[in-house]
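Residues per chain, in single letters:
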Amino acid sequence: MTMATQRLSTLFFRHAAPATLLRIAATSVLSLALTLAGLLAVTFAMSALSPIDPALQQVGDHASAATYAQARHALDLDAPLPERFVHYLDRLCHGDLGVSTATGQPVLGELREVFPATFELSTIALLLSAMAGVGLALLSARWPGSWIDSVIRIISLLGSSVPIFWLGLVALALFYAHWHWAGGPGRLDDAYEYTIDMPSGLVLVDSWHSGMPGAFASAVKHMLLPVLLLASYVLGSIARLTRTALLGELHQEYVTLARAKGAGSSWILLHHVLPNCAGPMLTVIALAYTNLLQGAVLTETVFARPGLGRYLTNALFYGDVPAILGATLVLGIAFILINGTTDMLVRLLDPRQR
Amino acid sequence: MAEHPLLHVQQLEVRRRDNREAPLVGPFSFDIGSGATGLVGESGSGKSLTARALLNLLPPNLQAHSRQMRFGDRELSTLNNREWQAVRGAEIALVMQDPRHALNPRLTVGEQIDEALRLHVRMRTTQRLDRVLQVMDEVGLPQSRQLLKHYPHQLSGGMGQRVMLAIALVNRPRLLIADEPTSALDTGLRNQVLDLMMQLADTHGMGLLLISHNLPLVARYCKQVLVMYRGQCVDRCAGNALDQATSPYTQALWNCRPSGHTFGHPLPVFDPESIEANAS
């Protein structure tokens, strides 16, 4: 069977030429670089033009003019803007994102702790919701207007319209407090929380490598509810937009020809319509991913998990400019990478654009 | 015993599912024998609906009904969906108007021809490849091996139409329905593609239903012509007798055909009222 499939693809399917792949990759990298430059300029402008005065924040408003001037000089605030931008880039290149004014810790170190947690949670939630969303959309499009279709539309509407913090609290009350099926707040049970090392910051990976089977099980139990919650939050938009794309594509003439060839509805959906919806599908999934990365604040708060969203929110409350900028930069880079990869995939998958 | 026609249709009608209005097509009866049958009429006269009804491929809000639809020794009007799937593409095949829309932009020529084969017969991949190459050769596609890996957007209109023909013919159907197969092509290609279709129909003893609004073409190629007007079959005659038709509608259609002589002159206007008066 695999032999036959392999032969089929070598006979009938043309893979993109290496030169084409290289061209697409090169243009993608170029556009990524340009967007990154824009992002750096914006984050720098945010810090330079923000009404918060870091020097004043550091020395307090009773300090003498001399101390204040010294602090300004130490923080590189007295140089002209272009020079400050160059210094900013220079510091970034050396991995120096500044020191948090709230905690006195280097921002990079703090981000290293919180970003993997967010990344882990949103990636798992995304994989789950993308698979479930596309599956539901396929069922909907296979029997449009049927009861399956209505049930799926209601599920997806509920998922995206019920407030996530409320759903989170209800889920905790039922599945943790009442039935004890899932783990409670935090990433691990207390017994493991301070006993295992977190070199990667990904709790599933680190608890697996800790050698304690209980730690891994605990991590999974604690991840269950937040992952399901986040997944249900984006599931609706993925399912609805994919369903619309699939149904729109079903009116194309090539679908009629496929039916005239003797293909059934399920075959047509899987072999013709789904591949032709790859563009809109990848786009909505990428959008869901960016939503998850920045929008996990409420979930992280309700479940008392560390994460980028919560870190950024706290930094905003304290007016902690270096932390805000660091978190924004990480989020921005993640967005650029996600969008760039999506663009590249869409182009690679479409023979007309290769 | 009298010779059976390939397809014998009795009292075919196409209605909306809510059924409140008069039928969109028919009811009318016709036979399709070997050799080409032409189906002509103006836009909206029900030609394409008739063709789709013969394949049970109507849009979901429409419904076809016929007293009898005999294809060889099979009755088609009582088939269920699964049985129709076995007929479509294997015994009755369809060629559509515009290859730019009717071919899937994401699949290669080879995959699309092979798909029609794969849906109906169980064969080893290499055998299927042989059959695909053979049918591509029959429809005059050059360098078929390289062409297998081309995508539809890399083909010219004429080649696209030949690919569609290859898809239709790969299972050796007994009836080919060609729904305006040449409207998207220029004049030179038009004759080439039609000549090819006639020749293939002849060699394989395949019936051909040619839907067109190009009357001179139909007159030249078709043994029998059905003329449709507002969902009704208003006239039927031999293809070579189209210019001497007695039905006023057929006459009017024939007189409306543009040619080198009418270039620069207004075409005769055709008056529906006189036809209805005549018909009733």
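Every value quoted in this text rests on a predicted model; they were computed, and no experiment measured them. (Residues numbered from 1 in each chain as written. Chains lettered and ligands numbered in written order. Predicted model: local features only at pLDDT ≥ 70, side-chain atom pairs only at ≥ 80, totals over all residues.)

## A closer look at the overall build of chain B
Applicable threshold: Strands here mean DSSP runs of E at least two residues long; helices mean DSSP runs of H or I at least four residues long; both are numbered from the N terminus. We take the radius of gyration over the C-alpha atoms and set the globule estimate at 2.2 Å times the residue count to the 0.38 power. Residues are called buried when their C-beta atom has 20 or more other C-beta atoms within 10 Å, exposed when it has 12 or fewer, and partly exposed otherwise; all C-beta atoms are positioned from the backbone. A pair of residues counts as a contact when their C-beta atoms, built from backbone coordinates, are separated by no more than 7 Å.
Check the secondary structure of chain B and you find eleven helices and eleven strands. The globule rule puts the C-alpha radius of gyration for 280 residues at 19 Å, and the 19 Å found for chain B is close to it. A buried classification covers 44% of the 280 residues belonging to chain B. When contacts within chain B are restricted to residue pairs at least 6 apart in sequence, long-range pairs at least 24 apart make up 66% of them.

## Focus on the overall build of chain A
Within chain A, the regular secondary structure consists of 17 helices and zero strands. Summarising its shape, the C-alpha atoms of chain A cover approximately 85 × 55 × 40 Å along the three principal directions. In chain A, which comprises 354 residues, the proportion classed as buried is 32%. Counting only contacts in chain A whose residues sit at least 6 apart along the sequence, the fraction spanning at least 24 positions is 72%.

## Comments concerning unusual backbone geometry
Positive phi outside glycine occurs at Asp76(A), with the angle close to 65°. Within the secondary structure, Asp76(A) sits in the loop between α4 (65-74) and α5 (81-93). The phi angle at Asn56(B) is positive, at roughly 55°, despite the residue not being glycine. With respect to the secondary-structure elements, Asn56(B) resides in the loop between α1 (47-54) and β4 (62-65).

## Some points on the interface of chain B and chain A
The test is simple: Charged residues are taken to be Asp, Glu, Lys and Arg, nonpolar residues to be Ala, Val, Leu, Ile, Met, Phe, Trp, Tyr, Cys and Pro, and polar residues to be all remaining types, Gly included.
At the interface, 31 residues of chain B touch 23 residues of chain A. Elements with a contribution of two residues or more to the side of chain B that touches chain A: α2 (81-87), β7 (92-95), α3 (99-102), α4 (109-118) and α5 (125-138) of chain B. Take the side of chain B that touches chain A: its biggest share by element is five residues, from α4(B). Residue composition of the side of chain B that touches chain A, by class: 16 nonpolar, nine polar and six charged.

## Topic: the confidence of the model for chain B
Residue and element names in this part refer to chain B. What counts here: How sure the predictor is of each residue is captured by pLDDT, a score from 0 to 100.
Taken over all residues, the pLDDT of chain B has a mean of 86, while the share at 70 or more is 95%. The spread of mean pLDDT over the elements of chain B runs between helix α11 (residues 272-279), the lowest at 61, and β7, the highest at 94. Across the whole predicted complex the pTM is 0.85, and at the interface the ipTM reaches 0.89.

## A word on the sheet that holds strand β11 (residues 232-238) of chain B
All names here are of chain B. Spelled out, the test is: Here, strands pair whenever DSSP counts at least two bridges between them. For helices, the axis comes from a line fit to the C-alpha atoms of the stretch in contact; other axes are also lines fit to C-alpha atoms, and the angle between any two N-to-C directions lies between 0 and 180 degrees.
With mixed pairing, the six strands of this open sheet are ordered in space as β7-β8-β9-β3-β10-β11. A strand with exactly one partner marks an edge of an open sheet, and here the two such strands are β7 and β11. Across the sheet, the mean angle from the axis of one strand to that of its neighbour is 20°, orientation sign disregarded. Where strand β3 (residues 35-40) meets strand β9 (residues 207-211), five bridges bridge the pair, whose relative direction is parallel. Across the sheet, the residue bridging to alanine 36 is leucine 208, located in β9. Seen against the sheet, helix α10 (residues 248-255) touches β3, β10 (224-229) and β11 and runs at an angle of roughly 100° to β10.

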